[in-house]
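# Observations on the model geometry
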Amino acid sequence: MSARPHRSAFPLMRLVLAAALGAGALLPAEARERKAAPASIAVDYGIALAGLSIGTARLAGTFENAKYRVDVSATLTGLVGAITGGQGSARSAGIIAAAPQPNTFSIATRTANSGIAVRMALAHGNVTQSEVTPPLVDMDDRVPVTPANKRGIMDPASALLMPAQASGDLTNPDNCNRTLPVFDGATRFNVVLSYGETRAVEKPGYSGPVLVCNARYQAVAGHRPDRPGVRFMEENRDMSVWLAPVEGTRMLVPMRISVRTLVGTNIIEATRWVRGAATAEAPATTGSLASR
């Protein structure tokens, strides 16, 4: 999940699990009043780098009235997986208001040589407690994370759930245009989305329009501004996410994520889309995607 050979992979994976690249749901008031049946979505993805298949990922979410839970996992396979042993998984739960408001978040990544874990407790989008294991190395050039940086945030998994902010059709271009304030337990950053185009897609389990949103990465705190990977991602203009509506909800979720990296373009694209199926339990996790 956090492949050591390329430092640029760290901000990339933050975007993948964060929301640079994603979207979610807001149930209408009348649905909340009649206690609508739980909705669920499960999406399997293939991961490719520079045209070569390097892994798989999965997003599984459940939505009941205003409550949500989302599990995200990824595994590097083939030669890359054999070398790095890279795996990662995350879980978040909370409520959907104008934006996801997580109550709990945990994420874990591990490679053949190391592992990183994070747990966070939150209230109304404000971090009340967090723990990173092992602790971050104290670097003089790291931008300090202030208490203000931990308020009004989304965790990386919740950032993949974005309430529709435009009335009417879910593929209204305005549903692309927003900024996602993300904190992963160590690093605070924004993912800025803007409308690019609308196109038709055919995938197993899904046939219809998707929003193509341009994405930008903005480092805020916890990062090391002189690191080449950070500068590269902040200047990167070649990032996008395709958002597809989930039938029966006011929700969009990622169909495809594309990010140019220092070693080629990374593409995470849906291979199977299942609406309303029981979502598989992801492993209990506690991890971080923060650059060390």
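Below you will find a few notes about this structure. (Residues numbered from 1 in each chain as written. Predicted model: local features only at pLDDT ≥ 70, side-chain atom pairs only at ≥ 80, totals over all residues. Heavy atoms only, no water.)

Our focus in this paragraph is the overall build of the protein chain. Regarding its fold elements, the protein chain presents 4 helices and 14 strands. Considering only contacts within the protein chain whose residues lie at least 6 apart along the sequence, 61% involve residues at least 24 apart. Accessible surface, the protein chain: about 12,200 Å² in total, of which carbon and sulfur atoms supply 52%. (Helix = DSSP H or I, 4+ residues; strand = E, 2+ residues; numbered from the N terminus. Contact = heavy atoms within 4.5 Å. Areas by Shrake-Rupley, 256 points an atom, 1.4 Å probe, with all protein chains shown as cover.)

So, on to the state of the cysteines. The full count for this structure, using the stated rule, is 1 disulfide. Residue pairing for C176: its cysteine sulfur links by disulfide to C213, the two sulfurs lying 1.9 Å apart. Residues C176 and C213 are joined by a disulfide whose S-S torsion is about -80°; by sign, that bridge is left-handed. Of this pair, C176 sits in the loop between strand 8 (162-163) and strand 9 (178-183) while C213 sits in strand 11 (residues 206-221); the two residues are 37 residues apart in sequence, bridging distant segments of the chain. Side by side, C176 and C213 carry an identical accessibility label, which is buried. (Disulfide = S-S within 2.5 Å. Buried < 20%, exposed > 50% of the residue type's maximum accessible area, 1.4 Å probe, protein only.)

A few words now on the environment of A215. Among the secondary structure elements, A215 is positioned in strand 11. Put simply, A215 and V259 are 44 residues apart on the chain and 8.9 Å apart in space, counted from C-alpha to C-alpha.

Time to look at the pairing of strand 7 (residues 126-133). Along any regular strand, the residues point their side chains to alternate faces of the sheet. Two elements, strand 6 (residues 115-123) and strand 7, share 7 bridges in a ladder whose sense is antiparallel. Considered in strand 7, the bridge of M120 is made with S130. (Pairing = 2+ DSSP bridges.)

So, on to helix 4 (residues 228-235). Among all positions of helix 4, only G229, V230, F232 and M233 are buried. For helix 4, the angular spread of buried residues about the axis comes to 165°, placing them on one side. (Arc of directions from axis to C-beta.)

Position of G222 relative to the elements: it lies in the loop between strand 11 and helix 4. For the pair G222 and R142, spaced 80 residues apart in the sequence, the C-alpha separation amounts to 5.8 Å. Apart from residues lying up to four places away in sequence, G222 is in contact with R142, V143, P144, V145, A186 and T187.

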